[in-house]
Amino acid sequence: MADSPIYLDCHATTPIDQRVVEAMLPFFTKHFGNPSSLHHYGWTVEAAIKKSRATIANSINAKPEEIVFTSGATEANNLAIKGVAEAYFSYGKHIITVKTEHSAVLDPCHYLESLGFEVTYLPVEPDGLLSLSSLEKAIRPETILVSVMAANNEIGVLQPLKEIGALCQDHEILFHTDAAQAIGKVPLDVQELNIHLMSMTAHKVYGPKGIGALYVRRRQPRVNLAAQLHGGGHERGMRSGTLYPPQIVGFAQALTLAIAEMASEQERLNGLRSHLLTQLNQLPAIYLNGHPTQRLPGNLNVSIDNVDGQALLLGLQPVVALSSGSACSSASTAPSHVLKALGRSHQLAYASLRFGLGRFTTTSEIDTVAQAVVETVQALRAV
Ligand SMILES: *Cc1c(COP(=O)(O)O)cnc(C)c1O
């Protein structure tokens, strides 16, 4: 069998770090209790969950009681957006979000529109950043929620959370951010950024799939949420269902590692990313998508002119696993809604490559991939 292709799709998911697996293992068989049980088996697991909850809370400068475990960021986004809509509709039925959000934010918003809410989908600048003045203009007396992602999953752009948070605070509007791509990669402090709700997931940061959390602010202001899953009243009634201890312990371990290694990883990935871009720039008519510096260190997204996007991806497949656009939209044939929002033509939105570099990416892998891209593009352009 041929070697597996090089993995450069870290925005879709990441492999679990071996150190995370080690932390999880005892919780499958030895410590298998239900954390709600009032006996030895339950207490042991409950203690581990308590510790993990505190670790996760600390990593974003929150309190342990403000962490609500979910199955991932999709569920956290649904809980935040639908939960706020249901709890606050008597104050107003207007929500503001952005065109470049993940479908796990856009689709709950579309759903709320079908229930009679009004949603403003703000455009972005050509570099992918939200303009604060357009946000401020969109705010109405009946606006109850602003939802703007921390880091984009296609172009890696980091939105100005601090300024958005300050604006929301001035207008007394709740601020939710989808931080699925940002946690463990860039510093996030919910106090400093004035965030009220924040969605997180473990599997983009070398943790297990199927676990995430929603940060829900408890003070200044105390955020009310309508539960979307009803049952035993777990997670202070906001999300019923037996907790999944191995995943929670793994999530905490993954975040601990990511935060400890954040500064050195940022530097290493920035270096690898510019090394990749320099080599790709040998090609004429290649365009960077998204802000050149205000983006995730491991993200590079380019559009390549005069080449068929599908043929390019297909040609690269034996060498490198990457995608065009997001994992969720790449199965469909529509061009990326994010690249369209940047004003890219249909053709350039199609012929785009999203490189997601990560913890295990090496310089020699980048060299191999860069060479494969250059050669494949040259071959396709020659025909
Ligand atoms: C991956 C991702 C999600 C979905 O997270 P899951 O944990 O897979 O449900 C949501 N938002 C963004 C920005 C993402 O990158």
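Rules and cut-offs
Each chain has its residues counted from 1, running along the sequence as written. Residues qualify for local features only when their pLDDT is at least 70, as the model is predicted, and side-chain atom pairs are given and counted only at 80 or more; totals for whole chains, interfaces and linings, by contrast, use all residues. With hydrogens and water stripped out, all remaining heavy atoms of the structure feed into the side-chain values. Helix numbers and strand numbers start at the N terminus; a helix is a DSSP run of H or I with at least 4 residues, a strand a run of E with at least 2. The globule rule is 2.2 Å times the number of residues to the power 0.38, and the radius of gyration it is compared with is taken over C-alpha atoms. Whether two residues are in contact is decided by their heavy atoms: any pair within 4.5 Å suffices. Cavity and pocket criteria rest on a 1 Å grid covering protein atoms alone: a 1.4 Å probe that fits but cannot get out defines a cavity, protein on both sides within 12 Å along at least 5 of 7 lines defines an open pocket, and an atom within 4 Å of a point defines a lining residue. Grid points are joined across faces, edges and corners, and a volume is the space filled by probe spheres set on the points. Note that the domain bounds reflect an automated or database-derived domain assignment. By convention in these notes, a salt bridge is any Lys or Arg side-chain nitrogen within 4 Å of a carboxyl oxygen on Asp or Glu. Residue exposure (1.4 Å probe, protein chains only): buried if accessible area is under 20% of the type maximum, exposed if over 50%, otherwise partly exposed. By this rule the span expected of a helix is its residue count minus one, scaled by 1.5 Å. In short, buried area is how much 1.4 Å probe accessible area vanishes from two parts on joining, totalled over both. Polar contacts, as counted here, are pairs of nitrogen or oxygen atoms within 3.5 Å of one another; within protein the pair requires one atom able to donate a hydrogen and one able to accept it, and residues that are adjacent in sequence qualify only if both atoms are side-chain atoms. Three classes are used, and their members are as follows: Ala, Val, Leu, Ile, Met, Phe, Trp, Tyr, Cys and Pro are nonpolar, Asp, Glu, Lys and Arg are charged, and the others, Gly among them, are polar. Every axis in this analysis is a line fitted to C-alpha atoms, fitted for helices over the stretch in contact. Angles between the N-to-C directions lie between 0 and 180 degrees. Each crossing gets its handedness from the near helix: less than a right angle anticlockwise from the far helix is left-handed, clockwise is right-handed. By convention in this text, a residue qualifies as near a molecule or strand provided that one of its non-hydrogen atoms is within 4 Å of it. All accessible-area figures derive from a Shrake-Rupley calculation using a 1.4 Å probe, and residue coverage is judged against the displayed protein chains alone.

The secondary structure content of the protein chain amounts to 12 helices and 12 strands. Rg of the C-alpha trace for the protein chain: 21 Å, near the compact-globule value of 21 Å for 383 residues, within the 12% margin. With the C-alpha coordinates aligned to their principal axes, the bounding extent of the protein chain is approximately 70 × 55 × 35 Å. In the protein chain, once contacts between residues fewer than 6 apart in sequence are set aside, the share between residues at least 24 apart is 74%.

This brings us to empty space enclosed by the protein. Counted under the stated rule, the structure contains one cavity of 30 Å³ or more. A volume near 230 Å³ is recorded for the largest cavity. In terms of lining residues, the largest cavity is bounded by 20 residues, among which Gly184, Lys185, Tyr206, Glu265 and Leu269 are the most central. Looking at the lining of the largest cavity element by element, the count peaks at four residues for helix 8 (residues 262-280). Summarising the domain contributions, the lining of the largest cavity has at least three residues from each of domain 1 (6-15 + 262-382) and domain 2 (22-259).

Before going further, it helps to examine the pattern of salt bridges. Scanning the entire structure with this criterion turns up 11 salt bridges. Two residues, Arg239 and Glu75, come together in a salt bridge whose shortest N-O distance is 2.6 Å. Here the residue Arg239 occupies a position in the loop between strand 8 (212-216) and helix 7 (245-260), and Glu75 occupies one in helix 3 (residues 73-88), the gap between them amounting to 164 residues. Its relative accessible area of 15% is what places Arg239 among the buried residues. For Glu75, a relative accessible area of 17% translates into the label buried.

Helix length check: helix 4 (residues 103-114) (12 residues) gives 16 Å between terminal C-alpha atoms against 16 Å at 1.5 Å per residue, within 8%. Here helix 4 has its buried residues at Ala104, Val105, Leu106, Pro108, Cys109 and Leu112. Turning to helix 4, the residues buried within the fold contact helix 3, strand 3 (94-98), strand 4 (118-122), strand 5 (143-147), strand 6 (174-178) and helix 10 (337-341).

Once that is clear, we can look at the domain arrangement of the protein chain. Per the domain assignment, the segments of the protein chain are domain 1 (6-15 + 262-382) and domain 2 (22-259). Computed from C-alpha coordinates alone, the two centres of domain 1 and domain 2 are separated by 28 Å. Taken together, the contacts link 30 residues of domain 1 with 37 residues of domain 2. Here domain 1 packs against domain 2, burying approximately 2,600 Å² in sum over the two surfaces, 55% of which is carbon and sulfur. Between the two partners, domain 1 and domain 2, sit zero salt bridges. For the interface between domain 1 and domain 2, the tally reads 18 residue pairs in polar contact (both at pLDDT 80 or more). Elements supplying a minimum of two residues to the side of domain 1 that touches domain 2: helix 8, strand 10 (299-304) and helix 10. In terms of residue count, the dominant contributor to the side of domain 1 that touches domain 2 is helix 10 (four residues). Of the residues belonging to the side of domain 1 that touches domain 2, the class tally is 11 nonpolar, 16 polar and three charged.

This part takes up the environment of Gly290. Position of Gly290 among the secondary structure elements: in the loop between strand 9 (286-288) and strand 10. On the basis of relative accessible area, Gly290 is assigned to the buried category, the value being 9%. Note: C-alpha distance between Gly290 and Leu342 (52 residues apart in sequence) is 7.8 Å. Once residues within four sequence positions are removed from consideration, Gly290 is found in contact with Asp127, Ile155, Val157, Arg295 and Leu342.

The contact between helix 2 (residues 40-59) and helix 7 brings their axes to 9 Å, and the two run at 35°. Between helix 2 and helix 7 the crossing geometry is left-handed. Along its contact with helix 2, which presents Val45, Ala48, Ile49, Ser52, Thr55, Ile56 and Ser59, the element helix 7 presents Pro245, Ile248, Val249, Phe251, Ala252, Leu255, Thr256 and Ile259. Tallied by class, the residues present in the contact of helix 2 with helix 7 amount to 11 nonpolar, four polar and no charged.

Moving on to the site of the ligand. What surrounds the ligand is the set Gly72, Ala73, Thr74, His102, Met149, Asn153, Asp178, Ala180, Gln181, Thr201, His203 and Lys204. Here a nitrogen atom of the ligand and a side-chain polar atom of Asp178 are 2.6 Å apart. Contacts to the ligand include His203, whose side-chain N or O atom sits 2.8 Å from an oxygen atom. Coverage of the ligand by the protein amounts to 87% of the 380 Å² it exposes when considered alone. Its residues placed into classes, the shell around the ligand shows three nonpolar, seven polar and two charged.

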